[in-house]
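Descriptive structure summary
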Amino acid sequence: MLNSLRDSTKKLHEELEKENLAGQIISHEISLDDYKLLLLQNYIAYKITEAEISKFIPSYQSDKTDKLAKDLAALGVDNSISKEFQEKFRLNSYEEALGAAYVVLGSALGGVYISKELPNCPALNGVPQPHFFNGDRDGVKSWNKFVKELKAEDFTETQINEASKKAMDTFEFFGLVFKETSLIPKCKIS
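Here we summarise the structure given alongside this text. Treat the numbers as computed from the prediction; the structure is a model and nothing was measured.

With that settled, consider the overall build of the protein chain. Along the protein chain, the regular secondary structure elements total 8 helices and 0 strands. Counted from the first residue to the last, the protein chain has its helices and strands arranged as α-α-α-α-α-α-α-α. Radius of gyration (C-alpha) of the protein chain: 16 Å, near the 16 Å computed for a compact globule of 190 residues. In terms of overall dimensions, the protein chain has a C-alpha envelope of 50 × 30 × 30 Å along the principal axes. Considering only contacts within the protein chain whose residues lie at least 6 apart along the sequence, 84% involve residues at least 24 apart.

Let us now look at empty space enclosed by the protein. Under the definition given, this model contains 1 cavity of 30 Å³ or more. Estimates place the volume of the largest cavity at around 30 Å³. Taken together, Y35, L39, D71, A74, L75, V127, P128, Q129 and P130 form the lining of the largest cavity. Elements with a contribution of two residues or more to the lining of the largest cavity: α3 (32-56) and α4 (64-74).

Our focus in this paragraph is the environment of K148. Relative to the helices and strands, K148 resides in helix α6 (residues 138-152). Counting along the chain gives 146 residues from K148 to L2, while the straight-line C-alpha distance between them is 10.0 Å.

This part covers helix α5 (residues 94-117). The terminal C-alpha atoms of α5, which comprises 24 residues, lie 36 Å apart, in line with the 34 Å expected from a rise of 1.5 Å per residue. L109 marks where α5 bends most, by close to 30 degrees. Across the 24 residues of α5, 18 count as buried, placing the element largely inside the fold.

Here the largest pocket is characterised by a volume of approximately 900 Å³. In terms of lining residues, the largest pocket is bounded by 45 residues, among which Y46, S107, A108, G110 and G111 are the most central. For the lining of the largest pocket, the secondary-structure elements that each account for two or more residues are α1 (2-19), α2 (22-26), α3, α4, α5, α6 and α7 (157-181). Per-element tally for the lining of the largest pocket: the top contributor is α5, with 14 residues. Looking at the lining of the largest pocket residue by residue, the class counts come to 21 nonpolar, 16 polar and 8 charged.

Once that is clear, we can look at the environment of D154. Mapping D154 onto the fold places it in the loop between α6 and α7. Relative accessible area serves as the criterion here: at 75%, D154 is assigned to the exposed category. For the pair formed by D154 and M1, sequence separation is 153 residues and the distance between their alpha carbons is 8.5 Å.

This part covers the nonpolar core. I25, Y35 and F133 are the most contacted members of the largest nonpolar core, which has 59 residues in total. Elements with a contribution of two residues or more to this core: α1, α2, α3, α4, α5, α6 and α7. Looking at which element gives the most residues to this core, the answer is α3, with 11 residues. Apart from residues no more than four positions distant in its own chain, Y35 is found in contact with I25, I30, L75, L118, L124, V127, P130 and F133.

Rules used in this analysis
Residues numbered from 1 in each chain as written. Predicted model: local features only at pLDDT ≥ 70, side-chain atom pairs only at ≥ 80, totals over all residues. Heavy atoms only, no water. Helix = DSSP H or I, 4+ residues; strand = E, 2+ residues; numbered from the N terminus. Rg over C-alpha atoms; globule rule 2.2 N^0.38 Å. Contact = heavy atoms within 4.5 Å. 1 Å grid on protein atoms, 1.4 Å probe; cavity = no way out; pocket = protein on both sides within 12 Å on 5 of 7 lines; lining within 4 Å. Points joined across faces, edges and corners; volume = space filled by probe spheres on them. Expected span 1.5 Å × (residues − 1). Bend = angle between axes of the 7 residues up to and from the residue. Buried < 20%, exposed > 50% of the residue type's maximum accessible area, 1.4 Å probe, protein only. Nonpolar A, V, L, I, M, F, W, Y, C, P; charged D, E, K, R; others polar. Core = buried A, V, L, I, M, F, W, Y, C linked by side-chain atoms within 4.5 Å.

Spelled out as structure tokens, the structure:
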């Protein structure tokens, strides 16, 4: 299962990283407005995907959405636009939820790296202590637990294909959120 998820999403993952504003944190070139937009984009994508995952994996636990909501509130950013994306992502089975969880939980690894670069971004010097890009390892622990559980379970080829397809769909949904929200006038975010 894990190899299939990784192989099927590799190209989409790389493409999404190129479009993602997080790269501007790594290069230390991000503006405050782009940082706000990055948080909003992630809030929308995680809020919707995590709500869907929880329907099929009751034990699923993540606080990404809550942390992002706190960061957005501290920066005075309205997150109500997330409602416009509500109907653009759905899960229909446990296997699809596994595919989506692979994408969501796997993002923790990049988040830890990004958090280390935030203090090096001059435009973000006055930003309150972040909740989302905070550098804690809880997300990595959740990822490791998820991987362990996947490895312990036997899946049919049909289940693997269903999960892999939904993992690809999840990356595409994140890309859609990133593209469509990048068109929002900066004055509506600030």
